[in-house]
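# Working through the structure, step by step
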Amino acid sequence: MEPTDLIDLSGLRMGPGEGRRLDLPVKLDAVRLSEQGYVPDPPTQEVRLDISRMLGGGYALQLRFDTSIHGPCMRCLADTTSPVSVDVRELEQKKRDPEEQFDSEYVAGDDLDLARWTNDSFVFSLPVRVLCKEDCRGLCPECGAHLNDDPDHTHDPKPDPRMSALASIRFDEDGNLLQGP
Ligand SMILES: [Zn+2]
Ligand SMILES: [Zn+2]
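Residues numbered from 1 in each chain as written. Chains lettered and ligands numbered in written order. Predicted model: local features only at pLDDT ≥ 70, side-chain atom pairs only at ≥ 80, totals over all residues.

Quick look at the overall build of the protein chain now. A count of helices and strands for the protein chain gives two helices and 11 strands. Going from the N terminus to the C terminus, the protein chain shows its helices and strands as β-β-β-β-β-β-β-β-β-α-α-β-β. For the protein chain, whose C-alpha radius of gyration is 29 Å, the value lies well above the compact-globule estimate of 16 Å for 181 residues. Projected onto the principal axes, the alpha-carbon positions of the protein chain cover approximately 100 × 40 × 20 Å. For the protein chain, the proportion of its 181 residues judged to be buried stands at 18%. Within the protein chain, contacts between residues separated by at least 24 positions form 55% of all contacts whose residues are at least 6 apart in sequence. (Helix = DSSP H or I, 4+ residues; strand = E, 2+ residues; numbered from the N terminus. Rg over C-alpha atoms; globule rule 2.2 N^0.38 Å. Buried ≥ 20, exposed ≤ 12 C-beta atoms within 10 Å, placed from the backbone. Contact = placed C-beta atoms within 7 Å.)

Glancing now at helix 1 (residues 114–124). Residues separated by three or four positions in an α-helix point in the same direction, a consequence of the helix having 3.6 residues per turn. Residues of helix 1 that are buried: Leu-114, Trp-117, Thr-118, Ser-121 and Phe-122. In a view along the axis of helix 1, the buried residues occupy a sector of 130°, so they form one face of it. (Arc of directions from axis to C-beta.)

The next subject is the pairing of strand 5 (residues 44–53). Two strands pair when backbone bridges link them, and strand 2 (residues 19–27) and strand 5 are joined in this way by nine bridges, in the antiparallel orientation. Bridge pairing in strand 5 places Val-26 opposite Gln-45. As paired strands, strand 5 and strand 6 (residues 59–72) are joined by six bridges and run antiparallel to one another. In the strand pairing of strand 6, Ser-52 is matched with Ala-60. Here strand 5 hands over to strand 6 after five residues, with Gly-57 in that stretch at a positive phi of 95°. (Pairing = 2+ DSSP bridges.)

Below you can see the structure in the form of structure tokens.
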């Protein structure tokens, strides 16, 4: 089935108070987070769209889907897949009084831009950090070892070169410099 982009809402011929449920495939785009590339998995996701025609005219829309995103763990860079759950709503109701009007940015005329709404809500619903596991320990800042595999990993403290320079300075009893760094 071809991915859906636009839906002609008036073409559904819904009467006031009527509801319709549609399950549709939509293409999701790759995203960049923290300078890394992430891809939706699967790239074409089936989404559930519930459309209600309101009594006073206009539409109440709900979009739901469960999918996942694939890419490097933000701490240890291991390949990882994180679940993404989307549940968003939009209202589109034209009224003469602008105060009472709901104007969805995804509805233009009678067309619902399902592809853009799906992609925007996917990005909006992404986890703050994509991690291979909640308590990923990341990489050793000194040698880059995976701390998940080697948690007790240590390094000998390196002598500080500034301290060894100071250690080589010698003074005589009167405070005169005998030997510089
Ligand atoms: Zn990790
Ligand atoms: Zn290390």
